[in-house]
Amino acid sequence: MASSLLGNGGSKRARGEIKPWKVLHLWRPKRTSRAFDGLAETVNSKSVPIESVNFSDACSRVSVLFGCLGIAFKFAERDYVSKVEDLKEAAKSISTLQSMLELDIRTDCVRQGGSHSRNLLRVKRGIDMVKVLFEEILVADGNSLKDPASIAYSKVFAPHHGWAIRKAVAAGMYALPSRSQLLKKLNEDEESARVQMQKYITSSGPVIRYVEELFLARELGIDW
């Protein structure tokens, strides 16, 4: 599969597969919630821009969820991790997401494969997919994740994928862990998981809209 699972066109940058032992230590529900709460507070203040380092740090804490969903989202996991790593590296010299986008505009490389802007848009898509997944899990009955994951994929990723990728993901849906298996992997019980999922849904929403507005305000679009 040459295409990126987070969107059309693969990055020319090296992609790394995150290992379970490296990713599990990032899953700290309260820290993840605090990270996105902080971003949401920045957005809602409407007084200061989101700092690149804070955004990339928060997004890196979501990577574990892709890794726990199995083969259906394996390529999405690799793609997401590599793009978050690019943003973390960029954050060392570019202070805000707004500045990151403006720099790519000035150098006319916004849509170029591997650009920070392109990677930002795809990371946004990743955190949006997790948000929709959590929304669907919270209203679903039973122990299967197939319907929640299928709905989340169809809403967020599928519109940007070709037939071959959509078919491969559909086949992988049958290998998803059950709801209880996922919670065990995340070291959560049902009650604590519901609380953390709802917190993520609430705090990630404003952050997703903020990133989208960065592109839309500059007439760059978000459907590419």
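Residues numbered from 1 in each chain as written. Predicted model: local features only at pLDDT ≥ 70, side-chain atom pairs only at ≥ 80, totals over all residues. Heavy atoms only, no water.

Novice: What am I meant to see in the pattern of salt bridges here?
Specialist: In a structure, side chains of opposite charge can pair up when their charged atoms sit close to one another. Tallied over the entire structure, the rule returns 11 salt bridges. Across the pair Lys88 and Glu85 runs a salt bridge whose closest N-O atoms are separated by 3.8 Å. With Lys88 and Glu85 both in helix H5 (residues 74-90) and three residues apart, this pair spans about one turn of that helix. Residue Lys88 is classed as partly exposed on the basis of its relative accessible area, which comes to 35%. On the basis of relative accessibility, which here comes to 42%, the residue Glu85 falls in the partly exposed class. (Salt bridge = Lys/Arg side-chain N within 4 Å of Asp/Glu carboxyl O. Helix = DSSP H or I, 4+ residues; strand = E, 2+ residues; numbered from the N terminus. Buried < 20%, exposed > 50% of the residue type's maximum accessible area, 1.4 Å probe, protein only.)

Novice: It is not clear to me how the packing of aromatic side chains should be interpreted in this structure. Could you clarify?
Specialist: Describing an aromatic ring pair means giving the distance of the ring centres and the angle of the ring planes. Scanning the entire structure with this criterion turns up five aromatic pairs. Arranged with centres 5.1 Å apart and planes meeting at 70°, the rings of Phe36 and Tyr200 form a pair that is edge-to-face. Taken together, the residues Phe36 in helix H2 (residues 29-45) and Tyr200 in helix H11 (residues 190-216) connect sequence positions 164 residues apart. Both residues of the pair, Phe36 and Tyr200, belong to the buried class. Judged by centre distance (5.5 Å) and plane angle (75°), the ring pair of Phe134 and Tyr200 falls under edge-to-face. (Phe/Tyr/Trp six-rings, centres within 6.5 Å; stacked < 30°, edge-to-face > 60°.)

Novice: Before we go on, may I ask you to explain the nonpolar core in this structure?
Specialist: One recurring pattern in soluble globular proteins is that nonpolar side chains are buried together. One finds Phe55, Phe73, Leu97, Ile127 and Phe215 to be the most contacted residues of the largest nonpolar core, which totals 64 residues. Among the elements that take part in this core, helix H7 (residues 116-139) stands out by supplying 11 residues, more than any other. Excluding residues within four positions of it along the chain, Phe55 makes contact with Leu39, Ile50, Leu87, Leu97, Leu120, Val123, Ile127, Val207 and Val211. (Core = buried A, V, L, I, M, F, W, Y, C linked by side-chain atoms within 4.5 Å. Contact = heavy atoms within 4.5 Å.)

Novice: Even after reading the chapter, I still don't get the side chain of Asp104, so can you show me in this structure?
Specialist: Positionally, Asp104 belongs in helix H6 (residues 97-106). A polar atom in the side chain of Asp104 sits 2.8 Å from the side chain of Ser117. Those residues within four positions of Asp104 in sequence are excluded, and the remaining contacts are Cys109, Val110, Ser115, His116 and Ser117. (Polar contact = N/O pair within 3.5 Å; in protein donor to acceptor, adjacent residues only side chain to side chain.)

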